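Chain by chain, the residues:
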Amino acid sequence: MTIPRHRREGEEPFRWEGVDVREYKPDDGGEPTFKDLSRQILFDDSNLDHQVRFFDIEPGGHTTLERHKHTHSVVVLGGHGQCLVGDFVFDLMPHDLIAVEQWEWHQFRAAPDDHLGFICIVNCNRDRPQLPNAPDLERLTRYPEIATFLGLTHPGD
Ligand code: MN
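As the structure is a prediction and not an experimental result, all values here were calculated from the model.

Description of the overall build of the protein
Scanning the protein from terminus to terminus reveals two helices and ten strands. Ordered by position from the N terminus, the helices and strands of the protein form the series β-β-β-β-β-β-β-β-β-β-α-α. A buried classification covers 21% of the 157 residues belonging to the protein. Residue pairs in contact within the protein that sit at least 24 positions apart in sequence constitute 60% of those at least 6 positions apart.

Thoughts on the nonpolar core
Counting 20 residues, the largest nonpolar core has Ile 57, Leu 116 and Phe 118 as the members making the most contacts within it. Listed by contribution, the elements that provide at least two residues to this core are strand 4 (50-62), strand 5 (72-79), strand 6 (81-85), strand 9 (106-110), strand 10 (116-123) and helix 2 (144-150). Those residues in contact with Phe 118 that lie beyond four places of it in its chain are Phe 55, Val 74, Val 75, Val 76, Leu 77 and Phe 108.

A closer look at unusual backbone geometry
With a phi close to 85°, His 95 is a non-glycine residue in the positive phi region. Mapped onto the elements of the fold, His 95 is located in the loop between strand 7 (88-92) and strand 8 (97-100). A tally of 9 C-beta atoms within 10 Å means that His 95 is categorised as exposed. If you check the backbone angles, Trp 103 has positive phi at about 65° while not being a glycine. Tracing the chain through its elements places Trp 103 in the loop between strand 8 and strand 9. By C-beta crowding, Trp 103 is classed as partly exposed, having 13 other C-beta atoms within 10 Å.

Cut-off values and rules
Residues numbered from 1 in each chain as written. Predicted model: local features only at pLDDT ≥ 70, side-chain atom pairs only at ≥ 80, totals over all residues. Helix = DSSP H or I, 4+ residues; strand = E, 2+ residues; numbered from the N terminus. Buried ≥ 20, exposed ≤ 12 C-beta atoms within 10 Å, placed from the backbone. Contact = placed C-beta atoms within 7 Å. Core = buried A, V, L, I, M, F, W, Y, C linked by C-beta atoms within 7 Å.

Below, the structure is given as structure tokens:
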């Protein structure tokens, strides 16, 4: 039976009763490209072309740095952090809206002392993400703000 309505339960971390908490991208055996986050699929109706997911990143955690053809529509619900989208790093707070366009590098990071919770709306049918190779990281880390965000230094520095 499908439960048509899910109420918020508790305060932190954000959870909805009756909605499973899923492991974020099950480990393929390689080095994890993400840290300390959970995923809940809030709406996954076969009559819709999109899914509505909720990600909750623990303090200091982050999503995978990736890019893909499909796009993301992100609504921050709670906490604080930053995101890299394309060539820009943005500070995030509740109610911020972030659009990730096709092929833009993107990563979300929680603040060191706060979680970051956000809704991410995505197409059901979507391509697999690409991870950055060495030249991609070399180009990204030319921007000092992005290098700091990623916790990396540019190879030439
Ligand atoms: Mn993505």
